[in-house]
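Structural overview
What follows is the residue order along each chain.
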Amino acid sequence: MTATASTLDAAPARPGRAGYFDSTWLLWIAIIAVLLFLVVSPFIYLVITSFQAERTGEFTFANYATAYGRARYVDALLNSLKLGAVSALLAGVFAVPLAWAVARTDMPGRGLTRMLVLATFITPPYTGAVAWILLAGPNAGWLNRFYMLATGAEAGPFNIYSFTGLAVVIALYSFPYIFIFTTAALELVSSEMEDAANILGAGPWRTMWRVTLPLALPAILGGLIICFLEAIALFGSPAMIAIPARFNVVTTQLFQFFGNPVRVEVAAAYAMPLLGVTVLLVLVQRLITRRKGFVALTGKGGDRRPILLGRWRWVVFGYAMFVAALSVFLPYIFLIQSAFAKAWGRGFSLDNVSLQNFRFVLFEHATAAQSVLNSFLYAGASATVAVFLTLGVAYIVARKLVPFGGVLGFLCVAPFVIPGVVLAIGFYAAYAPPPLALYGTALILILAFTTRFLPVGYVNASAAIRSLNPEMEEAVRVLGGSRLTALRRVVAPLLKRNLLGAWLLIFIPATRELSAAIFLYGPNTKVASVMIFDMSEEGNFERLAALALILQVLTLPLLWVGQKALGRDFMLRRNAT
Amino acid sequence: MSKLVLKNVAKRYGSFDAVADFSLELVKGEFVSLLGPSGCGKTTTLRMIAGFMPPTGGTIEMDGQQISSASGVVPPERRRMSMIFQSYAIWPNMTVGENVGFGLQVRKLSRSEIDRRVDKILDVVQMRNLKGRYPAELSGGQQQRVALARAIVVEPEVLLLDEPLSNLDANLREEMRFEIRRLHDEFKITTVYVTHDQSEAMVTSDRIVVMNKGKIEQIDAPHTLYRRPKSRFVAGFIGRTNFLEGDHQGNEVRFDGFTAKAGNLEGVNGSGALLYSLRPQAIGLATSQPSGQALAVEAEISSRSYLGEYWDYQVRPLTGAKPIRVSTSPSQVFEVGSRVWLEIDPAAMVRVE
């Protein structure tokens, strides 16, 4: 079409719309094909495989009989539920006071507290678990040694290799979820609501208990549920702590079904309760946080003034620093000590300091450096694919370009209810066998990561698109630009920041993903998280600490970029999770 | 020849008629407003003219060529129209100059020509000195001027405006009305203007289309609409009015509190109920019985409000039940409860459906 300034294209009596429709349909089909491949097919294969006999592939219930036929398998299930509940509650105890103090009070160091929560949030749970093994290992753990030194006792009181130890460690690294949910809600409670209680005679504490917290309650419950789900789906920390403590949870049991020989059919059957509980609780969580009447999540904020705590502000600050000590200060002090030590047990003496661990993991170990590179490559590829895919879907859904666009949106958020371990088993069932035979390839890891983080991408992409007034694009078109021109000249430039944000929100967690990777990696596609896990099995804590620190340090520039582009708390907003 | 012709245009959503049987012809250079309450279908009509939505019935033609029908539409980018949106839709990622020059760029004009035209139009809207600014640095009124410049600079065949002033404060809104009319007088672009504000429509338009519930109530010049409303809706929507119910018997029509001769009233036919509209400004108030052609009705002031520019009285005829609203100049002061005479000119009473 050669459009000139002054001639209207000869409009046909019946201007053809057919061609236009065909191309959008093609796009729809292409996107749905990708989503079927990423989301639906692994899920279907998971279900089918659970009913297939090994080798023959005949229909059978035998896998379920095997999976639930032994008391210790069933115990592992119950352990997971118990672990989820205890660590979610603990996480609530850590998170809620901090969230309230940061969002609504004049506690000193609110910015610092937020930063420390962020530091907790970007610490992979398995790294935290390793640090806590250094801290609270029986006898040799630093806390025990200090205790013995201080009291002269024969043994220390702490034992990380226990149910309680595991629950505390999980809670310490999942409480940021509750923190994020709760601050988001509290920041929407207007001071006027509290003023209304004050003027009717309620003091500050009563107001908090009767007005503020109840308004934030749905958000707190929502966060608790997310923590519960996080705890039962976690693989790294339980594998490092529960196995030496001689008890199993669902994910470690699944890992054992995947050991030699791989019994994917039984694993699939055994994964069903995990999937079921997750689906159910996510539905409950949506129901709670969307319930009407709680303006806290939907209403407009209004003016907010911090609550003046008086002398109590130092007590609250002390608590915040206590939590931060457990999740950040202590773990990092001893991770760093260990990474720079010849032997971590020899302590802080100068002759124990050495760079040999870094030299080893970066230059001498056969695959450690490669594993870091792999992590960043795969995470980068999946973040890119996920961002553009979800942006496409969000745009199509928001502008109603195709009928049944909602289906596409649903498929994008559906992986949210599939725990990483379960997703990996689905990917294994679907794509490990011929003809694709993707097991152990970079591709299967990238695809699995993409699928895992589609929901984060979609939530961000659709929020970004919704923030864009469609009139911006209509103005382009009415002035003679095509839809493509509108996308290129207006939509893309305006969404640059949001897209970068979404990309980072996928990339950062993807560089440390373990639950799915552990089931899908091959000899040449080991990622850093798997490497760290291997080293923990070898008991090689100095080198492990070095690798874990390298991974953390490499994340910092990305964090900096994100904060520059999107504001300091970009990872602590609700759409980050 | 007509510039833009809408023939029986309709838009149906399921069983709901957003727009029904809408027919309108605009001659070249004409300024027509679509006026009505929210949800009356005026924006829908505008968006169908722009090509953003296909009609479900009827056709739209420009310069004799069909551009919209139920079976297909020329996409908006090929209509050579331009539009000003409620949100202005100024692109925040481009400067004022880039915003205004965009349409010319799409039309592949040379750089120097684009610059020349952008500068010229920015002079017209008095924004030349802000050419390099980004929209976030502009006030609402300035953004509005950029939107105007951007729409006009491409010399569109038809200019569409969708409630362009609704986001401005009252003073600016009044100023921009005249600005829009001034630009129209200067460039003579055929214009369709959507608004729910009657004074906006009256200041700017050659003709006004009053719409209600998806249908056209009346199309007329502003003064005709005001003086000769055809329906109760139009009389009530354009300005304030009294609705008087009359009962036609023999050669007189009885109203609540007074009676008029059938011969002096317009549109008296048949017998039974008739509805008239009588503007508050068209009624006189006097302390003594007036002489002359007008009907004189003895009445009592039941309440009053002072609005600075005029007095607003509620006056009840002594033999009537309902008060009649009367506006007088600020100097005509009557106390509540005092006896007055209403002066009603039967010729000012307009029969409405």
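As the structure is a computational prediction, the values presented were derived from the model and not from experiment.

**A word on the overall build of chain A**
Looking only at helices and strands, one finds 24 helices and zero strands in chain A. Each principal axis of the C-alpha atoms in chain A carries an extent, and together these give about 95 × 75 × 50 Å. Burial analysis of chain A (577 residues in total) assigns 55% to the buried set. Look at the contacts in chain A between residues 6 or more apart in sequence, and 77% of them connect residues 24 or more apart. Here chain A carries 43 positive and 25 negative side-chain charges, and the mean point of each set is 5 Å from the other.

**A short note on the overall build of chain B**
Broken down by element type, chain B carries eight helices and 21 strands. In terms of its C-alpha atoms, chain B occupies a principal-axis envelope of roughly 75 × 45 × 35 Å. Out of the 353 residues belonging to chain B, those deemed buried represent 54%. Looking at chain B alone, contacts between residues at least 24 apart form 64% of all its contacts between residues at least 6 apart. For chain B, the exposed surface amounts to about 15100 Å²; the carbon and sulfur share of it is 47%. Computing the positive centroid from 43 side-chain charges and the negative centroid from 41, chain B places the two 4 Å apart.

**Re the interface of chain A and chain B**
Between chain A and chain B, the residue contacts involve 31 residues of the former and 37 residues of the latter. With both chains or domains summed, chain A and chain B bury close to 3100 Å², and 60% of this area falls on carbon and sulfur atoms. Put simply, chain A and chain B have two salt bridges between them. Across the pair Arg477(A) and Glu77(B) runs a salt bridge, and its minimum N-O distance is 2.9 Å. The tally of links between chain A and chain B comes to eight residue pairs in polar contact (both at pLDDT 80 or more). Only helix 20 (470–478) and helix 21 (483–511) of chain A provide two or more residues apiece to the side of chain A that touches chain B.

**So, the nonpolar core**
One finds Trp132(A), Leu254(A) and Ile425(A) to be the most contacted residues of the largest nonpolar core, which totals 196 residues. Residue assignment places this core across two domains, with domain 1 (84–245 + 308–348) and domain 2 (355–577) of chain A each supplying three or more. Excluding its chain neighbours within four sequence positions, the residues that come into contact with Trp132(A) are Gly137(A), Leu143(A), Ile160(A), Val169(A), Leu172(A), Tyr173(A), Leu326(A) and Pro331(A). Among the nonpolar cores identified, the runner-up in size contains 74 residues, and Leu479(A), Leu6(B), Ile121(B) and Val125(B) belong to it.

**Here's the deal with the pairing of strand 16 (residues 283–286) of chain B**
Residues and elements named next belong to chain B. On strand 16, burial covers both faces: Ile283 and Leu285 on one face and Gly284 and Ala286 on the other are all buried. Sheet topology places strand 16 next to strand 20 (residues 339–344); four bridges connect them, and they run antiparallel. Residue alanine 286 lies in a different strand from strand 20, and its bridge partner there is tryptophan 341.

**Observations regarding the confidence of the model for chain B**
The pLDDT averaged across chain B works out to 91; a share of 100% of its residues lies at or above 70. Per the prediction output, this complex has pTM 0.81; the corresponding ipTM is 0.81.

**Describing the sheet that holds strand 5 (residues 65–69) of chain B**
Residues and elements named next belong to chain B. If you trace the five strands from one edge of the open sheet to the other, you get 2-1-4-5-6, paired in antiparallel fashion. The sheet is open, and its two borders are formed by strand 2 (16–27) and strand 6 (72–73), each paired with just one other strand. In this sheet, strand 4 (residues 57–62) lies alongside strand 1 (residues 2–13) in antiparallel orientation, the contact comprising five bridges. In the strand pairing of strand 4, valine 5 is matched with glutamate 61.

**Focus: the packing of aromatic side chains**
By the definition in use, this model includes 41 aromatic pairs over all chains. Their ring planes at 75° and their centres at 4.9 Å tell us that Phe258(A) and Tyr428(A) sit as a pair that is edge-to-face. You can see Phe258(A) sitting in the loop between helix 11 (250–257) and helix 12 (264–289) and its partner Tyr428(A) sitting in helix 18 (residues 420–431), a full 170 residues away along the chain. Of the two residues examined, Phe258(A) and Tyr428(A), each falls in the buried class. Aromatic pair Trp311(B) and Tyr313(B): ring centres 5.5 Å apart, planes at 20°, arrangement stacked. For the pair formed by Trp311(B) and Tyr313(B), the shared burial category is buried. Above the face of the Trp142(A) ring, Arg145(A) is positioned so that its terminal group lies 4.0 Å from the ring centre.

**Digging into the side chain of Asn352(A)**
Residues and elements named next belong to chain A. Secondary-structure assignment places asparagine 352 in the loop between helix 14 (312–339) and helix 15 (356–364). On the accessibility criterion, asparagine 352 (1% relative accessible area) is buried. Leaving out residues up to four positions away in the same chain, asparagine 352 has contacts with Gln337, Phe340, Ala341, Lys342, Ala343, Arg346 and Gly347.

**Observations regarding the confidence of the model for chain A**
Residues and elements named next belong to chain A. Looking at chain A, pLDDT values average 86 and 93% of them are 70 or higher. Mean pLDDT across the elements of chain A bottoms out in helix 13 (residues 295–298) (41) and peaks in helix 14 (95). Here residues 1–22 is a poorly scored stretch, pLDDT under 50, and it has 26 contacts once near neighbours within four places are set aside; other chains count. Note on residues 292–301: pLDDT is under 50 here. Beyond four places in sequence and across chains, it has 18 contacts.

**Some details on the packing of helix 2 (residues 96–106) of chain B against helix 3 (residues 111–124) of chain B**
All names here are of chain B. Interaxial distance between helix 2 and helix 3 falls to 9 Å at its minimum, and their mutual angle equals 125°. Judged by the angle between their axes, helix 2 and helix 3 are oblique. The two elements helix 2 and helix 3 meet at a crossing, and its hand is right-handed. Along the contact surface, helix 2 presents Val96, Gly97, Val100, Gly101, Leu104 and Gln105, while helix 3 presents Ile114, Arg117, Val118, Ile121 and Leu122. Residues that form the contact of helix 2 with helix 3 fall into these classes: seven nonpolar, three polar and one charged.

**A few points about the pattern of salt bridges**
All names here are of chain B. According to the stated counting rule, one finds 34 salt bridges over all chains in the structure shown. Its salt-bridge partner being aspartate 17, residue arginine 12 comes within 2.9 Å of it at the nearest N-O pair. Note on arginine 12: relative accessible area 42%, which makes it partly exposed. Of the residues examined, aspartate 17 reaches a relative accessible area of 30% and is grouped as partly exposed. The salt bridge involving arginine 304 is made with glutamate 335; its shortest N-O contact spans 3.6 Å. Taken together, the positions of arginine 304 in strand 17 (residues 295–306) and glutamate 335 in the loop between strand 19 (324–328) and strand 20 put the pair 31 residues apart, joining distant regions of the chain.

**Some thoughts on the environment of Leu318(B)**
All names here are of chain B. Within the fold, leucine 318 resides in the loop between strand 18 (311–317) and strand 19. The partly exposed category is assigned to leucine 318, whose relative accessible area is 33%. Linking leucine 318 and aspartate 256, residues 62 residues apart in sequence, is a C-alpha distance of 9.9 Å. Setting aside residues up to four positions removed in sequence, leucine 318 forms contacts with Glu298, Ala299, Glu300 and Arg339.

Parameters at a glance
- Residues numbered from 1 in each chain as written.
- Chains lettered and ligands numbered in written order.
- Predicted model: local features only at pLDDT ≥ 70, side-chain atom pairs only at ≥ 80, totals over all residues.
- Heavy atoms only, no water.
- Helix = DSSP H or I, 4+ residues; strand = E, 2+ residues; numbered from the N terminus.
- Buried < 20%, exposed > 50% of the residue type's maximum accessible area, 1.4 Å probe, protein only.
- Contact = heavy atoms within 4.5 Å.
- Lys, Arg positive; Asp, Glu negative; His and termini not counted.
- Charge placed at Lys NZ, Arg CZ, Asp CG, Glu CD.
- Areas by Shrake-Rupley, 256 points an atom, 1.4 Å probe, with all protein chains shown as cover.
- Buried area = accessible area lost by both parts, 1.4 Å probe.
- Salt bridge = Lys/Arg side-chain N within 4 Å of Asp/Glu carboxyl O.
- Polar contact = N/O pair within 3.5 Å; in protein donor to acceptor, adjacent residues only side chain to side chain.
- Core = buried A, V, L, I, M, F, W, Y, C linked by side-chain atoms within 4.5 Å.
- Domains from an automatic or database assignment.
- Pairing = 2+ DSSP bridges.
- pLDDT = per-residue confidence, 0-100.
- Phe/Tyr/Trp six-rings, centres within 6.5 Å; stacked < 30°, edge-to-face > 60°.
- Lys NZ or Arg CZ within 6 Å of the ring centre and 35° of its normal.
- Axes fitted to C-alpha atoms, helices over the stretch in contact; angles between N-to-C directions.
- Parallel < 35°, antiparallel > 145°, perpendicular 65-115°, else oblique.
- Left-handed = near helix turned anticlockwise from the far one by under 90°.
- Nonpolar A, V, L, I, M, F, W, Y, C, P; charged D, E, K, R; others polar.

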